[in-house]
Amino acid sequence: MKLYLDTANVQEIREVHALGVLAGVTTNPSLVAKALGEAGERFDSEAAFYARFTEIVREIAELVQAPVSAEALATDPEGMIAEGRKLAALNEHVVVKLPISEAGLRACRVLADEGVAVNMTLVFSANQALLAARAGARYVSPFLGRVDDIGWDGVELVRSIREIFDVHDLGTEIIAASVRHPQHVTAAALAGADIATVPYKVLKAMIKHPLTEIGIQRFLADWEKAKQEL
Ligand code: G3P
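Residues numbered from 1 in each chain as written. Predicted model: local features only at pLDDT ≥ 70, side-chain atom pairs only at ≥ 80, totals over all residues. Heavy atoms only, no water.

> Would you explain the packing of aromatic side chains in this entry?
In this description, a pair of aromatic rings is defined by centroid distance and the angle of the planes. Taken as a whole, this structure holds three aromatic pairs when the rule is applied. With centroids separated by 5.3 Å and ring planes inclined at 70 degrees, the aromatic side chains of tyrosine 50 and phenylalanine 53 adopt a geometry described as edge-to-face. One end of the pair, tyrosine 50, and the other, phenylalanine 53, are both in helix α3 (residues 46-64), three residues apart, so they sit about a helical turn from each other. Judged by relative accessible area, which is 27%, tyrosine 50 ranks as partly exposed. (Phe/Tyr/Trp six-rings, centres within 6.5 Å; stacked < 30°, edge-to-face > 60°. Helix = DSSP H or I, 4+ residues; strand = E, 2+ residues; numbered from the N terminus. Buried < 20%, exposed > 50% of the residue type's maximum accessible area, 1.4 Å probe, protein only.)

> Help me out: how do you make sense of the site of the ligand in this one?
As a structural note, the neighbourhood of the ligand is formed by Asp6, Asn28, Leu31, Phe143, Arg146, Ala177, Ser178, Arg180 and Thr197. Separating an oxygen atom of the ligand from a side-chain N or O atom of arginine 146 is a distance of 2.6 Å. Taking 310 Å² as the accessible area of the ligand by itself, protein coverage stands at 80%. In this structure, the ligand is accommodated by the largest pocket. Here the shell around the ligand is built from residues that sort into three nonpolar, three polar and three charged. (Near = heavy atom within 4 Å. Polar contact = N/O pair within 3.5 Å; in protein donor to acceptor, adjacent residues only side chain to side chain. Areas by Shrake-Rupley, 256 points an atom, 1.4 Å probe, with all protein chains shown as cover. 1 Å grid on protein atoms, 1.4 Å probe; cavity = no way out; pocket = protein on both sides within 12 Å on 5 of 7 lines; lining within 4 Å. Sits in = over half its atoms within 2 Å of the grid points. Nonpolar A, V, L, I, M, F, W, Y, C, P; charged D, E, K, R; others polar.)

> Would you take a moment to explain the UniProt feature "active site" (unreviewed entry) in the protein for this structure?
Per the UniProt annotation, the sites labelled "active site" (unreviewed entry) are Lys97. Structurally, lysine 97 can be placed in strand β4 (residues 94-99). Among residues more than four places away in sequence, those in contact with lysine 97 are Thr26, Thr27, Asn28, Ser69, Ala70, Glu71, Ala72, Asn119 and Thr121. (UniProt positions renumbered as here; feature names shortened; annotations may be inferred. Contact = heavy atoms within 4.5 Å.)

> Even after reading the chapter, I still don't get the side chain of serine 178, so can you show me in this structure?
Its location among the elements puts serine 178 in the loop between β7 (173-176) and α9 (182-190). When its relative accessible area of 11% is taken as the criterion, serine 178 is described as buried. Engagement of the side chain of serine 178 in a polar contact is seen with the backbone nitrogen of arginine 146, the distance being 3.2 Å.

> Is there a simple way to explain the packing of helix α1 (residues 10-17) against α3 in this structure?
Any two packed helices are characterised by the angle at which their axes cross and by the distance between the axes. Direction vectors running N to C along α1 and α3 enclose 5 degrees, while the axes themselves pass 11 Å from each other. Between α1 and α3, the crossing angle belongs to the class labelled roughly parallel. Within the contact between the two elements, α1 uses Val10, Ile13, Arg14 and His17 and α3 uses Ile56, Glu59, Ile60, Leu63 and Val64. (Axes fitted to C-alpha atoms, helices over the stretch in contact; angles between N-to-C directions. Parallel < 35°, antiparallel > 145°, perpendicular 65-115°, else oblique.)

> Before we go on, may I ask you to explain α9 in this structure?
Residues spaced three or four apart along an α-helix face the same direction, because each turn holds 3.6 residues. For α9, every residue scored as buried is listed here: His184, Val185, Ala187 and Ala188. In this structure, the buried residues of α9 make contact with β1 (2-6), α7 (144-149), α8 (154-167), β7, β8 (195-198) and α10 (200-207). One or two positions beyond α9, positive phi appears at glycine 192, with a value near 95 degrees.

> Would you take a moment to explain the pattern of salt bridges for this structure?
One pass over the structure, following the stated rule, counts 14 salt bridges. Across the pair arginine 106 and glutamate 78 runs a salt bridge whose closest N-O atoms are separated by 3.8 Å. Note that arginine 106 is positioned in helix α5 (residues 102-113) and glutamate 78 in helix α4 (residues 77-88), a separation of 28 residues in sequence. You'll find arginine 106 and glutamate 78 in the same group, each marked exposed. The closest approach of N and O atoms between glutamate 224 and lysine 227, which form a salt bridge, is 3.1 Å. One end of the pair is glutamate 224 and the other is lysine 227, both in helix α11 (residues 210-228) and three residues apart, which spans about a single turn. What makes glutamate 224 partly exposed here is its relative accessible area of 38%. Lysine 227 gets classed as partly exposed once you look at its relative accessible area, which sits at 42%. Residues joined by salt bridges that share partners form a network here, namely Glu41, Arg52 and Glu55. (Salt bridge = Lys/Arg side-chain N within 4 Å of Asp/Glu carboxyl O.)

> Hey, could you run me through the pairing of strand β5 (residues 118-123) in this one?
Two faces make up the sheet, and in a regular strand the side chains alternate between them. Within β5, five of the six residues are buried, which leaves it mostly tucked inside the rest of the structure. Note: β4 against β5, four bridges, orientation parallel. Residue pairing for β5: lysine 97 is matched across the bridge by asparagine 119. The parallel pair β4 and β5, bridged by α5, forms a crossover whose chirality is right-handed. Direction of pairing for β5 relative to strand β6 (residues 139-142): parallel, over a ladder of three bridges. When the bridges of β6 are listed, methionine 120 appears paired with valine 140. In the classification by handedness, the crossover that spans β5, the intervening helix α6 (residues 126-134) and the parallel β6 is right-handed. (Pairing = 2+ DSSP bridges. Right-handed = clockwise from strand over helix to strand, strands pointing away.)

This is the structure in structure tokens:
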């Protein structure tokens, strides 16, 4: 399972990219708004805000040289197609994120036929994932955490989608999204997700284990002791 970072914060992406584990990035409107808010950036028009958004997407794509999902905000198929074309033109690595809906499916088919990679997002059922794959989406994003939030089983959803895609030979990649903790990552990998997109905090937590910390300290202490006894 590949690992993506689920953030629009360029500093976080830079740091994780340096670890050598990053295979891509996903963003969404909430994450872009959060990153710009945290950076204290203010805009005097929606056009200026959107221009900054596209600048960030391009910057991330140039940095990671791997798929970067950017969400189209239009709600009608024509608007999604026009926006999708513009986003895809920003950089060869940009993947257009569209919500699963009638408009999203229509736009997905048109963009996919033009060779644009689409990540169909806000997927909460296996049928939605099947529709996305049939509309030509390169990726589908089931939202694990939000499924868990309403008392269903997000990991089970990933497992069902995996089985359907395998049985019917569908090449659409499954991105486990809305990942909230390290255990979600392990479970998504075991359930057959192709990719997990994880928040920065979760990725950092994945590195750590108390026994690793203790082990490092013990090795260093033993080494120091041995040196003094030379
Ligand atoms: O990957 C989708 C993600 O950004 C949504 O996460 O935690 O808001 O459900 P969350």
